[in-house]
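# Breakdown of the fold
Below, each chain spelled out in residue letters.
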Amino acid sequence: MMREWALQDAKARLSEVVRLALEHEPQEITLRGEPAVVVLSREDYDHLTKPRESLVEFMRRSPLYGADDLDFARDPSLTREIEL
């Protein structure tokens, strides 16, 4: 749960706002009672904004990538018998 600060309180207690953000507790600052900004640690920011790996890149990292001996043959039967 984010702690909410009015702008004037955040300015007066900036050291505490920053300390809490560094402890991986994002701090919300409001302006005239409306949410305006969130203060978070650089580490948390970097984690949120780091580029995500694409599906293609993920598949290319697979140990099976480029393997020629994979058999993807499917069973040609349309149905199978089941016991009720």
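Predicted model, so just to flag it, every value in this text is computed and none were measured.

## Details of the pattern of salt bridges
Under the counting rule described, the total for this entry stands at five salt bridges. A salt bridge links Arg13 to Glu16; the nearest nitrogen and oxygen atoms lie 2.4 Å apart. Since its relative accessible area comes to 38%, Arg13 is described here as partly exposed. Among the salt bridges present, the one from Arg61 reaches Glu53, with a minimum N-O distance of 2.6 Å. The structure contains a network of salt bridges with shared partners spanning Arg3, Arg13 and Glu16.

## Overview of the pairing of strand β2 (residues 27-31)
Counting buried positions over the five residues of β2 gives four, a clear majority of the element. Pairing of β2 with strand β3 (residues 34-39) involves five bridges; the strand directions are antiparallel. Bridged to Leu31 within β3 is Glu34. What sits between the antiparallel neighbours β2 and β3 is a turn of two residues, in which Arg32 has the positive phi angle 55°.

Criteria and cut-off values
Residues numbered from 1 in each chain as written. Predicted model: local features only at pLDDT ≥ 70, side-chain atom pairs only at ≥ 80, totals over all residues. Heavy atoms only, no water. Salt bridge = Lys/Arg side-chain N within 4 Å of Asp/Glu carboxyl O. Buried < 20%, exposed > 50% of the residue type's maximum accessible area, 1.4 Å probe, protein only. Helix = DSSP H or I, 4+ residues; strand = E, 2+ residues; numbered from the N terminus. Pairing = 2+ DSSP bridges.

Everything listed here is a matter of geometry and, on its own, says nothing about what the molecule does.
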